[in-house]
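Understanding the architecture of this molecule
As a plain string of letters, each chain reads:
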Amino acid sequence: MSLHALLFAHHVAPGSGEPLAAIDVAGLSVLERQVVLVRRLGVERIFVVAERMPPALAAALDRIGESVQIVRSAPALSAEIAADDVVVTLQEGLVAEETPATALIGEAAAPLVAVSMAEPAYGTAERLDSDSFWAGFAIYEGAMVRQVAADIGEWDLQSTLLRAAAAGGTPRVELRVEPAAWRFVGEARSGSALSAQLIDETRPRRFGWPSRFLFAWVEPRAVAALLPTRVTGRLLTVGGVLLGLLASLLFATGWPWPALAFAVSAPQLSDVGAQLARLRLEPTEDWVDPCYDWLVEPTWYLALAAWLADQGYGFGAWSFAAAAIAFRFAMIRQSSFYRRLKGIELEIEEPQLAAFAAGCDSAPWLLILAGLGSLWLAGLGAVAVYAALSFFLLQGRLFARVADPSGA
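Notes on the structure follow. (Residues numbered from 1 in each chain as written. Predicted model: local features only at pLDDT ≥ 70, side-chain atom pairs only at ≥ 80, totals over all residues. Heavy atoms only, no water.)

By definition, the strands of a sheet pair up through backbone hydrogen bonds, in either a parallel or an antiparallel sense. The seven strands lie next to each other as 5-4-1-6-9-8-10, forming an open sheet whose pairing is mixed. At either margin of the open sheet sits one strand with a lone partner, and together these are strand 5 (68–71) and strand 10 (172–174). Neighbour-to-neighbour, the strand axes of this sheet turn through a mean angle of 25 degrees, independent of strand direction. With three bridges joining them, strand 8 (residues 112–116) and strand 10 adopt parallel strand pairing. If you follow Ala114 over to strand 10, its bridge partner there is Val173. Contacts between helix 5 (residues 142–151) and the sheet are confined to strand 6 (86–90) and strand 9 (133–141), with strand 9 contributing the most and set at about 105 degrees to the helix. (Pairing = 2+ DSSP bridges. Helix = DSSP H or I, 4+ residues; strand = E, 2+ residues; numbered from the N terminus. Axes fitted to C-alpha atoms, helices over the stretch in contact; angles between N-to-C directions. Contact = heavy atoms within 4.5 Å.)

Below you can see the structure in the form of structure tokens.
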């Protein structure tokens, strides 16, 4: 027994010569998103029913590569599937997240049809009865797929399989997921609307005020501009980290203003890269945030202290750098403790306080203000005080929330 996937790319979108599967959603076609999803579900072979090959669909298939098998006619499919195989089917136009799909498929991959009991949010929904419609996900027995594909004639394979499963008593499972995790694209305009929603939903959650307010307008537009390009999320994410480390080198060699420009830009560049990776379903770089917390930001303060020490401010510079690093590490550990204890970030519970707390995206701005008066030592001291105040204020709220879960 093998687990296969059957996808469709032949239902033409209204007002277009391209199928629904070729509609672009945040830099990827719907078909590419479905291929990534079923790969993560563990399928062995992926079949794509495509009667025609218009330009956008051909380009999407070219990007996918040879890991899918194009099926030009339903009878050809019946020869490729064994009777004891299991076939996962997604409705053309479905954009779904991995977690609910994994829950549906289960360990045994038992045949089922996912249904929804609410009114359909799109006009092409396949009704199963007066109370339910197909939710766009089904698991079929290979024997049924073989029989339907061999005898289908001119009928639509996607709909005929669904009707055959319903008539054969395939169990129905009511789909209960958040609307954001299970959506459909029925035309090019809905693809554009979903792209805008995904850009908004995938924005990295950094708590400092520069990311929340200053760059909140810039980052989504940068992501939207980069989506049609070949720039990868990993390239930008790693590039941000390297830019942050380059800032340390510039601090240490007496170039504080270029260093500050890089220090301010680095976390935002990594955030853009992380969002781009999520939108394109690339592997995420989970090490980036810890790298900023434990490596990049501390090296800024040490490098600045080294430069100031060369100018005769050794004791004060090293003391301020040590204090800034110590209190920032304490803040990180404190947040980690609260997350393990409560299952949620302290910064989410205290958004207003967290917005103005010290962080790798906010602390460099104090150095900018100090640098306007060439008060670099005072600026480093201000960063240390800023980190200390942030730690104690957040610690106070942590104690209050542990003692009183309501946070009052």
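Once you've had a look at it, read on.
The next thing to look at is the packing of aromatic side chains. One pass over the structure, following the stated rule, counts eight aromatic pairs. Summarising the aromatic geometry, the rings of Phe391 and Phe392 are spaced 5.0 Å apart at their centres and angled 65 degrees between planes, so their arrangement reads as edge-to-face. Using a relative accessible area of 11% as the deciding quantity, one classes Phe391 as buried. Grouped by ring-pair contacts, the aromatic residues Trp257, Trp307 and Trp376 constitute a single cluster. (Phe/Tyr/Trp six-rings, centres within 6.5 Å; stacked < 30°, edge-to-face > 60°. Buried < 20%, exposed > 50% of the residue type's maximum accessible area, 1.4 Å probe, protein only.)

Attention now goes to the pairing of strand 1 (residues 3–8). Among the six residues that make up strand 1, six are buried, leaving the element largely enclosed by the rest of the structure. Residues Leu3, Ala5 and Leu7 of strand 1 are buried on one face, and the alternating residues His4, Leu6 and Phe8, pointing to the opposite face, are buried as well. With four bridges joining them, strand 1 and strand 6 adopt parallel strand pairing. Within strand 6, the position partnered with Ala5 by the bridge is Val88.

Attention now goes to the state of the cysteines. Counted by the stated rule, this structure contains zero disulfides. Note on Cys291: no disulfide assigned, nearest cysteine sulfur contributed by Cys360 at a separation of 10 Å. Residue classification places Cys291 among the buried positions, given a relative accessible area of 13%. The class for Cys360 is buried, based on a relative accessible area of 3%. (Disulfide = S-S within 2.5 Å.)

Quick look at the pattern of salt bridges now. It is possible for side chains of opposite charge to pair when their charged atoms get near one another. Applying the stated rule across the entire model yields 16 salt bridges. We note a salt bridge from Glu98 to Arg40, for which the minimum N-O separation is 3.9 Å. Of this pair, Glu98 sits in helix 4 (residues 98–105) while Arg40 sits in helix 1 (residues 30–40); the two residues are 58 residues apart in sequence, bridging distant segments of the chain. Looking at Glu98, the relative accessible area reads 32%, which means it is partly exposed. Arg40 sits in the partly exposed class, given a relative accessible area of 42%. Note that Arg397 and Glu350 form a salt bridge whose closest N and O atoms lie 2.9 Å from each other. Taken together, the residues Arg397 in helix 17 (residues 376–403) and Glu350 in the loop between helix 14 (346–349) and helix 15 (351–355) connect sequence positions 47 residues apart. Three or more residues are tied together by salt bridges with common partners; here these are Glu349, Glu350, Arg397 and Arg401. (Salt bridge = Lys/Arg side-chain N within 4 Å of Asp/Glu carboxyl O.)

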